[in-house]
Amino acid sequence: MPEREEELIRSRRDKLQRIREKGIDPYPTRFPRTHTTRLAAELLLNLEASDGEGGRTSAVSVAGRVITSRIMGKAAFLDLRDGVGKIQLHLRRDVLGDDYDLVRDLDLGDFLGVHGPVFRTRTGEATIEVEQLTILSKSMHPLPEKWHGLRDVEQRYRQRYADLISNPEVAQVFVQRSQIINSIRGFLNRRGFVEVDTPVLVPIAAGAFAKPFVTHHHTLDEQLYLRIATELYLKRLIVGGFDKVYELGKVFRNEGMDQDHNPEFTTLESYEAYADYNDVMQMVEEMVSTAALETLGSCQVQFGEETIDLTPPWKRLSLRDEILKRGNIDIEEYNTAASLEARARELGLEVRAEGSWGRLVDKLLSLLVEPQLMQPTFMVDYPDEMSPLAKPKAGMPGYAERFEAYAAGMEFANAYTELNDPDLQRERLLGQEEMRRLYQDDEVERLDEDFLVSLGLGMPPTGGLGVGIDRLVMLLTGQTSIRDVLLFPQMRSLK
RNA sequence: GGCCCGCUAGCUCAACUGGCAGAGCAACGGACUCUUAAUCCGUAGGUUCUCGGUUCGACCCCGAGGCGGGUCACCA
């Protein structure tokens, strides 16, 4: 540690020592609060409403962290912050007597419990006249600076606790995140969905195209993976007789990181028996607009320059039409990997040479269409080659009953009518295995034999949904980076 | 992974063309009983991300590396 920082800490240690020498425990076990900072200020407002200005409330007990101090000899003003707000403290020698000496052993960052009446200062600020002062926790490390706060992006992510202390508005996003998730739970629960937990440690990482994290169980001496999706377990539950299930939880994908990818992220997956993807579409627009209304009070959300209107119904666009319209490529005309790739290159698009046709279509979608989709939009009817778990669309050979939801140029949901024909499902998954061999693509769907066994018992027609919760939170809170909706985004370890 | 940008005191930031590394806040000592970016006087504090090079002299130029951000690639 640099010498200078040691000095700052030494000064705090000296104070700690002095406090202990006075027989005071700088880390006591509890402090009974009667009021939060906010309630204490409201108490004064209520008093003033009934008795007029200039009064003092009965004594309150409030606790929090000292965030600023203005010491003037025999009196001092401190600002105390708790989880809901802050309130000013007034400390006077003629009120506190010798206890006032403690002021010189206080630092910014310490936790205090105070007891005393609330009054209003000449400048109009609700203030506690401290009659009793209790140190609740001594802070040993200096806080970031009070005007600018902690700005360094790296340190804000690595030391989120310091970020939250220094930039209290950051907490607001995470409060909203909690409210959004609560709203979604409430929405699904009201509709009769049952929330379940399925394994995170799995013998086969299936249900999505992604590289898994690999781990090992010692007692079983087996290689296990962290799940990349919850899909196949939830469908097993539909087979088992649950009509409506959902899971909110973390999944893990061993891939790149950027503004909208973190290696671990939260998904919602839901499955509803006897529903199809049209029903799911309706549910998604209702669920998302309800979450916006319940947490923001409006279906209009600000995202950068754009105002995004989440009021249903959302636009529905066909994947083939959009790629044709925006990219001048008809995926039906170029129906092989080679011809599609040639066509894309002809139009000056950078596409990977060794991709399957389905992967190329996906590439074109994210290149040509996705960035344009600011307003909430359902992209419908995906080629079944890129949707091995989805049911073929009736009357539209080669296509699956699948949609993805987009907004703010970002995909945030994916859904389909689930494939429940066990023979066709096996065929599809074998096709994926073939694809893996052909393209050395280790991100294709894996064959989960037990899942096929469950389908063999019979699965009702089912509408399934996956939502990227972090991206949905980004959308609703106007954050452009996933790191700003994750309290502890993944960071490289410091050596 | 490619390219661009950043990394200087605990925090926020300066430092000319390569010429003594500075300020504010925080800290420390002192004054101060209605301040709120409190004020006033004084003090201390640096591995300029790391390593190497060029140079009389490097925060600055060159090379390698680290971490972060952006972008492209990758990626449901």
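Heads up: the structure comes first, above all this text.
Residues numbered from 1 in each chain as written. Chains lettered and ligands numbered in written order. Predicted model: local features only at pLDDT ≥ 70, side-chain atom pairs only at ≥ 80, totals over all residues. Heavy atoms only, no water.

Draft legend 1. A look at helix α8 (residues 277-296). Helix length check: α8 (20 residues) gives 28 Å between terminal C-alpha atoms against 28 Å at 1.5 Å per residue, within 8%. For α8, the set of buried residues is Tyr277, Val280, Met281, Met283, Val284, Glu285, Met287, Val288, Ser289, Ala291, Ala292 and Thr295. Positioned one or two residues after α8, Gly297 has a phi angle of 80°, which is positive. (Helix = DSSP H or I, 4+ residues; strand = E, 2+ residues; numbered from the N terminus. Expected span 1.5 Å × (residues − 1). Buried < 20%, exposed > 50% of the residue type's maximum accessible area, 1.4 Å probe, protein only.)

Draft legend 2. Broad picture of the environment of Glu341. For Glu341, the location among the structural elements is in helix α10 (residues 337-346). As for Glu341 and Leu364, which are separated by 23 residues in sequence, their C-alpha atoms are 9.9 Å apart.

Draft legend 3. Fine view of the nonpolar core. One finds Leu188, Leu268, Leu310, Phe403, Phe412 and Leu465 to be the most contacted residues of the largest nonpolar core, which totals 49 residues. Counting residues per element, this core draws most heavily on α8, at 9 residues. Setting aside residues up to four positions removed in sequence, Leu465 forms contacts with Leu268, Glu269, Ser270, Tyr271, Val280, Met283, Val284, Met287, Ala413, Asn414 and Ala415. The next biggest cluster of nonpolar side chains, apart from the first, holds 26 residues, and it includes Ile19, Val60, Val114 and Val130. (Core = buried A, V, L, I, M, F, W, Y, C linked by side-chain atoms within 4.5 Å. Contact = heavy atoms within 4.5 Å.)

Draft legend 4. Here's a closer look at a nonpolar patch on the surface. On the surface, a nonpolar cluster with roughly 410 Å² of combined accessible area is contributed by Tyr161, Leu164, Leu487 and Phe488. One can find Leu487 in the segment after α14 (469-477). (Patch = residues over 30% accessible without salt bridge, like charges linked within 9 Å, V, L, I, M, F, W, Y side chains within 5 Å. Areas by Shrake-Rupley, 256 points an atom, 1.4 Å probe, with all protein chains shown as cover. Salt bridge = Lys/Arg side-chain N within 4 Å of Asp/Glu carboxyl O.)

Draft legend 5. View of the packing of α10 against helix α11 (residues 357-369). Packing of α10 against α11 brings their axes to within 9 Å, and their N-to-C directions diverge by 25°. Considering their axes alone, α10 and α11 lie roughly parallel with respect to each other. Of the two possible hands of crossing, α10 and α11 adopt the one that is left-handed. Together, Ala337, Leu340, Glu341 and Ala344 of α10 and Trp357, Leu360, Val361 and Leu364 of α11 make up the contact between the two elements. Residue classes in the contact of α10 with α11 are distributed as 7 nonpolar, no polar and 1 charged. (Axes fitted to C-alpha atoms, helices over the stretch in contact; angles between N-to-C directions. Parallel < 35°, antiparallel > 145°, perpendicular 65-115°, else oblique. Left-handed = near helix turned anticlockwise from the far one by under 90°. Nonpolar A, V, L, I, M, F, W, Y, C, P; charged D, E, K, R; others polar.)

Draft legend 6. Quick look at the sheet that holds strand β6 (residues 126-129). The mixed open sheet is built from 7 strands, whose spatial order is β5-β6-β3-β2-β1-β4-β7. Either end of the sheet is taken by a strand with one partner, and the two such strands are β5 (118-120) and β7 (132-137). Direction aside, the axes of adjacent strands within the sheet are offset by 45° on average. (Pairing = 2+ DSSP bridges.)

Draft legend 7. Focus on unusual backbone geometry. Residue Pro313 is bonded to the preceding Pro312 through a cis peptide linkage, with omega at -5°. Note that Pro313 resides in the loop between β15 (306-309) and β16 (315-318). Positive phi is not limited to glycine here, since Tyr274 has a value of about 70°.

Draft legend 8. Representation of the packing of aromatic side chains in the model. Scanning the entire structure with this criterion turns up 4 aromatic pairs. When the ring of Phe193 is compared with that of Tyr246, the centres are 6.5 Å apart and the planes differ by 70°; the resulting orientation is edge-to-face. Of the two residues, Phe193 is situated in the loop between α6 (169-190) and β8 (194-195) and Tyr246 in strand β12 (residues 244-252); the sequence distance between them amounts to 53 residues. Exposure class is identical for Phe193 and Tyr246. Each is buried. Cluster of aromatic residues (ring-pair linked, three or more members): Trp314, Phe378, Phe403 and Phe412. Cation over ring: Arg56 sits above Phe119, and NZ or CZ is 4.9 Å from the ring centre. Above the plane of the ring of Tyr382 lies Arg402, whose end atom (NZ or CZ) is 4.5 Å from the centre. (Phe/Tyr/Trp six-rings, centres within 6.5 Å; stacked < 30°, edge-to-face > 60°. Lys NZ or Arg CZ within 6 Å of the ring centre and 35° of its normal.)

Draft legend 9. Main features of the sheet that holds strand β9 (residues 201-202). Within the open sheet, the 3 strands sit side by side as β9-β11-β10. Their pairing is antiparallel. Every other strand in the sheet has two partners, leaving β9 and β10 (214-217) as the edge strands with one partner each. The pairing of β9 with strand β11 (residues 222-226) spans 2 bridges and is antiparallel. Looking across to β11, one finds that Leu201 is bridged to Leu226.

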